[in-house]
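Here's the letter readout for the chains.
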Amino acid sequence: MTRNTPEILPYCKHCGSFKGVGSCKNPKCDENIRVEIGAIGNQSNKCVICSGEGEHSCSRCGVSYCNKHAIGKEESKLISIEQYLGTCVVCGKIICERCWIFNNKGVVTCFIHVESRNDQ
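Note that the structure is a prediction, hence the values are computed from the model and not measured.

Leave glycine aside and you will find that most residues have negative phi; peptide bonds, for their part, are mostly trans. Within the chain, S51 stands out as a residue other than glycine whose phi angle is a positive 65 degrees. Checked against the element boundaries, S51 lands in the loop between α1 (37-42) and β1 (56-57). A residue is classified by how much of its surface remains accessible, and S51, at 52% relative accessible area, is exposed.

Glancing now at the packing of aromatic side chains. In this structure the tally under the stated criterion is two aromatic pairs. Ring centres 6.0 Å apart and planes at 15 degrees place the aromatic pair Y65 and Y84 in the stacked group. With Y65 in strand β2 (residues 64-65) and Y84 in the loop between β2 and β3 (85-87), this residue pair connects regions lying 19 residues apart in the sequence. By relative accessible area, Y65 is classed as buried at 0%.

When its volume is computed, the largest pocket comes out at roughly 520 Å³. Taken together, 26 residues make up the lining of the largest pocket; nearest its centre are S17, N26, C47, V48 and S51.

Parameters and conventions
Residues numbered from 1 in each chain as written. Predicted model: local features only at pLDDT ≥ 70, side-chain atom pairs only at ≥ 80, totals over all residues. Heavy atoms only, no water. Helix = DSSP H or I, 4+ residues; strand = E, 2+ residues; numbered from the N terminus. Buried < 20%, exposed > 50% of the residue type's maximum accessible area, 1.4 Å probe, protein only. Phe/Tyr/Trp six-rings, centres within 6.5 Å; stacked < 30°, edge-to-face > 60°. 1 Å grid on protein atoms, 1.4 Å probe; cavity = no way out; pocket = protein on both sides within 12 Å on 5 of 7 lines; lining within 4 Å. Points joined across faces, edges and corners; volume = space filled by probe spheres on them.

Read these as geometric descriptors, not functional statements.
As structure tokens, then:
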């Protein structure tokens, strides 16, 4: 991949939603539309699930979630199958499902900390 290609840019150039690395995962994305850079910045505070008002965000990637979709953000273990935020057991920061991994004890750990403290 090369710099500034659509695959590595964090926001989709068609719908403006956060996608991380790779293709857009938004089912409502229309590839016939092109979003301006300023419009992408204005969407950063919207819930990535429902486009409602984003009240909580991931400390790693900055994706926002509304109160409804932020349930369990203080937990280091899953409390629901539809949990999108959790707290890293090592650093205590709120992270999203795109930025976490479960260590060998099944607790939420940042990608950054999973190899450095895998015994937590």
